[in-house]
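Structural overview for review
Single-letter residue listing:
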Amino acid sequence: QVQLVESGGGLVQAGGSLRLSCAASGRATGTYNKGWFRQAPGKEREFVAAVTWNGANTYYADSVKGRFTISRDKAKNTVYLQMNSLKVEDTAVYYCAAGPATDVLGSSSHQYNRWGQGTQVTVSS
């Protein structure tokens, strides 16, 4: 089964940028859909972005459209989340997730069955 490890989180000033990475290992890593979720203190985990197994389709939460970009590398073993124009409300622990390969992406965490440990993103004003 696929294993996921996030990196790239940190402290950044509002308006700045960060790029998160999610490295995957295991069998058939390129055949999984990948997603990013985040969870702020006292809040439910929420969907951020997703990409299909072949990189053909992407899907974004309305709150991050135009600011965040999800992508996969050529080997399909790493997924990235480029975050620009960061806001204080983007502060959260960010998790990458993997789920069954389909052509339709969903925003529900129940559509993903493998999760990384998370990486902290803190945006200061």
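Residues numbered from 1 in each chain as written. Predicted model: local features only at pLDDT ≥ 70, side-chain atom pairs only at ≥ 80, totals over all residues. Heavy atoms only, no water.

Details of the packing of aromatic side chains
Given two aromatic rings, their pairing is described by the distance between the two centres and the angle made by the two planes. Applying the stated rule across the entire model yields 5 aromatic pairs. Between R45 and the ring centre of Y95, over which it is positioned, the NZ or CZ distance is 4.0 Å. Against the face of W115 rests R45, its NZ or CZ located 4.9 Å from the ring centre. (Phe/Tyr/Trp six-rings, centres within 6.5 Å; stacked < 30°, edge-to-face > 60°. Lys NZ or Arg CZ within 6 Å of the ring centre and 35° of its normal.)

Looking at the pairing of strand β3 (residues 18–25)
In the sheet, strand β1 (residues 3–7) pairs with β3 via 5 bridges, with the strands oriented antiparallel. Note on β3: the bridge partner recorded for V5 is A23. Bridge count for β3 against strand β8 (residues 78–83) is 6 bridges, and the pairing is antiparallel. Within β8, the residue paired with C22 across the bridge is V79. (Pairing = 2+ DSSP bridges. Helix = DSSP H or I, 4+ residues; strand = E, 2+ residues; numbered from the N terminus.)

Brief notes about the environment of G116
Looking at the secondary structure, you find G116 in the loop between β10 (114–115) and β11 (119–124). Separated by 84 residues in sequence, G116 and Y32 have C-alpha atoms that sit 14 Å apart. If sequence neighbours within four positions are ignored, G116 has contacts with L4, E6, Y95 and C96. (Contact = heavy atoms within 4.5 Å.)

Some points on the side chain of N33
Take N33: it is sitting in strand β4 (residues 33–39). Take N33: its relative accessible area is 3%, and that puts it in the buried class. A polar contact is formed between the side chain of N33 and the backbone oxygen of P100, at a distance of 3.3 Å. (Buried < 20%, exposed > 50% of the residue type's maximum accessible area, 1.4 Å probe, protein only. Polar contact = N/O pair within 3.5 Å; in protein donor to acceptor, adjacent residues only side chain to side chain.)

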